[in-house]
Amino acid sequence: MHGRFKVVRLPNDENFYYWEVFPNTWNIQYGNALYCFMLIGNEKALLIDTTYGRGDFPNIIDRLTDKPVIVANTHGHYDHTGGNPWFPKAYMHPESVKDCRRSFEPVDPEFWANMPYPDYEIETIEEGYVFDLGGRKVECIHTPAHHPGSMAFLDHGQRLLFSGDEFDSGQANLHNLDSVEAFLKNMIKLKARENEYDFVMPSHNGAPITKRYVDDFIVNAKDILAGKPHHAILDDAPGYSLTNSPWKRTRLRSRVGQASIVYNDPNA
């Protein structure tokens, strides 16, 4: 792909795929299972997360809309914020600021030097903040469990809930039992608003998914906290074994329907 942005290609770049999953709503997939989303209104566009910003990412965004692009992050993990330096400003919860520039591994110096806004401005947002895109409003909901700065985005225009990493199509990756408790509170909050959205759009492993996941997650989290997890098994969660990762511990998996909760073994 050619575009107005000159990109630095790295040997381990993965491919991007993108498609219009709902009207004026684009799913932009990096590799096998990492997504960001472009929501286009009459006046502005909202880019929810920026993946790692690798390869043709900036030219894909440029191709999808000629409207001003607002960047907002679901949380501070680098696979959701790594592409922020392609843009002058990003919105995120205050708890995400400390992590948003911290890569999981060293960043190639040439790639980093090529990004136009390495010191991009950060504007913090809280629950209830609304992005008005022109004929389409997107509300922010604080859902901290997987990450303390997690924000879900409720798209009132298309009746979609963008959940970030708080849960995927197969599982929620959590930490200790206190994060399971926080997760339960989040699911109860989202359940109370289920009449406002038709589908959930996670950032990994498949989107859209049915909002019935929320019901299964509520049952699952309640039973874990009651000491009665469902078919819990040891799980090494190999995708979360990075140095200094909060998941680098013995893991348990509890499943209700297709909704698994993966969490640290409290007895390990």
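*Asks:* Kindly report on the overall build of the protein chain, identifying the contributing residues and their values.
*Replies:* The number of helices and strands found in the protein chain is five helices and 17 strands. Taking 268 residues into account, the globule formula puts the C-alpha radius of gyration at 18 Å, and the protein chain, at 18 Å, falls close to it. Overall size of the protein chain, expressed as C-alpha extent along the three principal axes, is 55 × 40 × 30 Å. Residue burial in the protein chain is summarised as follows: out of 268 residues, 53% are buried. By element, 49% of the accessible surface of the protein chain is carried by carbon and sulfur atoms, the whole surface being about 12000 Å². In the protein chain, the 27 positive side-chain charges and the 36 negative ones have mean positions that sit 2 Å from each other.

*Asks:* Help me get a handle on the confidence of the model for the protein chain, residues and values and all.
*Replies:* Reading fine detail from the predicted coordinates is not recommended where pLDDT is low. Scored by pLDDT, the protein chain comes out at a mean of 92, with 93% of its residues at no less than 70. Between residues 237-244, whose pLDDT stays under 50, and residues either more than four places distant or in other chains, the model counts eight contacts.

*Asks:* Tell me what's going on with the environment of His77, and back it up with residues and numbers.
*Replies:* Tracing the backbone shows His77 in the loop between strand E5 (69-72) and helix H2 (78-81). Within polar-contact distance, the side chain of His77 engages the side chain of His75 at 3.3 Å.

*Asks:* Account for the sheet that holds strand E10 (residues 151-155), with residues named and values stated.
*Replies:* If you trace the six strands from one edge of the open sheet to the other, you get E8-E9-E10-E11-E13-E14, paired in mixed fashion. The open sheet has two edge strands with one neighbour each: strand E8 (130-132) and strand E14 (209-210). Here E8 runs beside strand E9 (residues 137-142); their pairing, made up of three bridges, is antiparallel. By the bridge assignment, Val130 is partnered in E9 with Glu139.

*Asks:* How would you summarise the pattern of salt bridges if you had to cite specific residues and measurements?
*Replies:* Applying the stated criterion across every chain, the model contains 13 salt bridges. Between Arg193 and Glu139 there is a salt bridge, with the nearest N and O atoms lying 2.8 Å from each other. Of this pair, Arg193 sits in the loop between helix H4 (177-192) and strand E13 (199-202) while Glu139 sits in strand E9; the two residues are 54 residues apart in sequence, bridging distant segments of the chain. For Glu139, a relative accessible area of 15% corresponds to the buried category.

*Asks:* Residues and numbers for the pairing of strand E3 (residues 34-40), please.
*Replies:* Most of E3 is tucked away, with seven of its seven residues classed as buried. Neither face of E3 is open: one carries Leu34, Cys36, Met38 and Ile40, the other Tyr35, Phe37 and Leu39, and all of them are buried. Taken together, the six bridges between strand E2 (residues 25-30) and E3 define a ladder with antiparallel strand orientation. In the strand pairing of E3, Ile28 is matched with Cys36. Between E2 and E3, which follow one another and run antiparallel, lie three residues, and Gly31 among them has a positive phi close to 65°. Both E3 and strand E4 (residues 45-48) contribute to a ladder of four bridges, which runs antiparallel. By the bridge assignment for E4, Met38 is matched with Leu47. Hairpin geometry of E3 and E4 is characterised by an intervening segment of four residues between the two adjacent antiparallel strands.

*Asks:* Now, about unusual backbone geometry: what can you tell me, with residues and values included?
*Replies:* Omega for the bond connecting Ala207 with Pro208 falls within 30 degrees of zero, at 5°, which places this linkage in the cis form. Structurally, Pro208 can be placed in the loop between E13 and E14. In this model, Asp49 sits at a positive phi of 75°, which is unusual for a non-glycine residue. Assignment of secondary structure puts Asp49 in the loop between E4 and helix H1 (57-64). Here Asp49 falls in the buried class, since its relative accessible area comes to 1%. At Arg159, a position not held by glycine, the phi torsion is positive, near 60°. Classification of Arg159 as partly exposed rests on a relative accessible area of 30%.

*Asks:* If you had to explain the nonpolar core to someone new, which residues and values would you point to?
*Replies:* Counting residues in each nonpolar core, the largest one holds 26 residues, and the members touching the most others are Leu161, Phe167, Phe183, Met187, Phe217 and Ile261. Contributions of two or more residues to this core are made by E10, H4, helix H5 (213-225) and strand E17 (259-264). Among all residues touching Phe183, those that are not within four sequence positions of it are Ala145, Glu166, Phe167, Ala172, Leu174, Phe217, Ala221 and Ile261.

*Asks:* Please provide a residue-by-residue account of the packing of H4 against H5, values included.
*Replies:* Contact geometry of H4 with H5 gives a least axis separation of 9 Å together with a crossing angle of 150°. For the element pair H4 and H5, the recorded crossing hand is left-handed. Counting all contacts with H4, which are made through Leu177, Val180, Glu181, Phe183, Leu184, Met187, Ile188 and Lys191, the residues of H5 involved are Val214, Asp215, Phe217, Ile218, Ala221, Lys222, Ile224 and Leu225. Looking at the contact of H4 with H5, its residues break down into twelve nonpolar, no polar and four charged.

Thresholds applied
- Residues numbered from 1 in each chain as written.
- Predicted model: local features only at pLDDT ≥ 70, side-chain atom pairs only at ≥ 80, totals over all residues.
- Heavy atoms only, no water.
- Helix = DSSP H or I, 4+ residues; strand = E, 2+ residues; numbered from the N terminus.
- Rg over C-alpha atoms; globule rule 2.2 N^0.38 Å.
- Buried < 20%, exposed > 50% of the residue type's maximum accessible area, 1.4 Å probe, protein only.
- Areas by Shrake-Rupley, 256 points an atom, 1.4 Å probe, with all protein chains shown as cover.
- Lys, Arg positive; Asp, Glu negative; His and termini not counted.
- Charge placed at Lys NZ, Arg CZ, Asp CG, Glu CD.
- pLDDT = per-residue confidence, 0-100.
- Contact = heavy atoms within 4.5 Å.
- Polar contact = N/O pair within 3.5 Å; in protein donor to acceptor, adjacent residues only side chain to side chain.
- Pairing = 2+ DSSP bridges.
- Salt bridge = Lys/Arg side-chain N within 4 Å of Asp/Glu carboxyl O.
- Core = buried A, V, L, I, M, F, W, Y, C linked by side-chain atoms within 4.5 Å.
- Axes fitted to C-alpha atoms, helices over the stretch in contact; angles between N-to-C directions.
- Left-handed = near helix turned anticlockwise from the far one by under 90°.
- Nonpolar A, V, L, I, M, F, W, Y, C, P; charged D, E, K, R; others polar.

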